Amino acid sequence: MKLNRAALTALAAAATCLAAPTPATATVTSATTAAGATAVPPGYQLVTLPNANVPNFQRRTLYCPGSKRVLGGGAEARGNGAILVGSFPTDDGRGWIGIGRQIGYNDVGISVFAICVD
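Structure report, in brief. Just so it is clear, the model here is predicted, and its values are computed rather than measured.

Another aspect to go through is a nonpolar patch on the surface. Together, Phe57, Ile83, Val85 and Ile103 line one region of the surface with nonpolar side chains, adding up to about 360 Å² of accessible area. With respect to the helices, strands and loops of the structure, Val85 is situated in strand 5 (residues 82-89). Judged by relative accessible area, Val85 falls into the partly exposed class, the value being 44%.

See the structure below:
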């Protein structure tokens, strides 16, 4: 699947942002196509769960809004010695899960990303 420039820009911005540890709130970005741009799936949205510290091996789960389904996703572990242990869709296909650990610490920063479609 090819993503248009707006989708790639949104994905890059989400992957590089540094969020302070706060209660989990998801960010939703919609993609629109310009004339001549590659079409995206109907209802395409990039949904992000900003970085937050959680205990090692605790799942962070992000769900697609409304009745949307997850098309793909990913997660990032942040911190000195941070390791991403798992990144996979939920069993019901409506979200994405990220799991990590940080060597020498009791918690790890985890960000989760999901590509959602109608």
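According to the stated counting rule, one finds two salt bridges in the structure shown. Residue Arg78 pairs with Glu76 through a salt bridge whose shortest N-O separation is 3.1 Å. A relative accessible area of 15% places Arg78 in the buried class.

One covalent bond between the sulfur atoms of two cysteine residues makes up a disulfide. Scanning the model with the defined rule gives one disulfide in all. In this model, Cys64 is linked to Cys116 through a disulfide, with the two sulfur atoms separated by 2.1 Å. Between Cys64 and Cys116, the S-S torsion sits near -80°, and that sign places the bridge as left-handed. Residue Cys64 is found in the loop between strand 3 (60-63) and strand 4 (69-78), and its partner Cys116 is found in strand 7 (residues 107-117); the two are separated by 52 residues along the sequence. Neither Cys64 nor Cys116 differs from the other in exposure class; each is buried.

Quick notes on the rules
- Within each chain, residues carry numbers counting from 1 in the order of the written sequence.
- Only residues with pLDDT of at least 70 are given local features in this predicted model, and only at 80 or more are side-chain atom pairs given and counted; all residues enter the totals for whole chains, interfaces and linings.
- The basis for every side-chain value is the complete set of non-hydrogen atoms in the structure, without hydrogens or water.
- Surface patches are drawn from residues lacking salt bridges whose relative accessible area is over 30%; two like charges belong together within 9 Å, two nonpolar side chains (Val, Leu, Ile, Met, Phe, Trp, Tyr) within 5 Å.
- We get accessible surface area from the Shrake-Rupley algorithm with a probe of 1.4 Å; when it comes to residues, only the shown protein chains can shield them.
- The salt bridge criterion pairs a side-chain nitrogen of Lys or Arg with a carboxyl oxygen of Asp or Glu, the two atoms within 4 Å.
- Counting from the N terminus, the helices are DSSP H or I runs at least four residues long and the strands are E runs at least two residues long.
- Any residue under 20% of the maximum accessible area for its type is buried, any over 50% is exposed, and the rest in between are partly exposed; the area is computed with a 1.4 Å probe on protein chains only.
- Defined by distance alone, a disulfide is two cysteine sulfur atoms within 2.5 Å.

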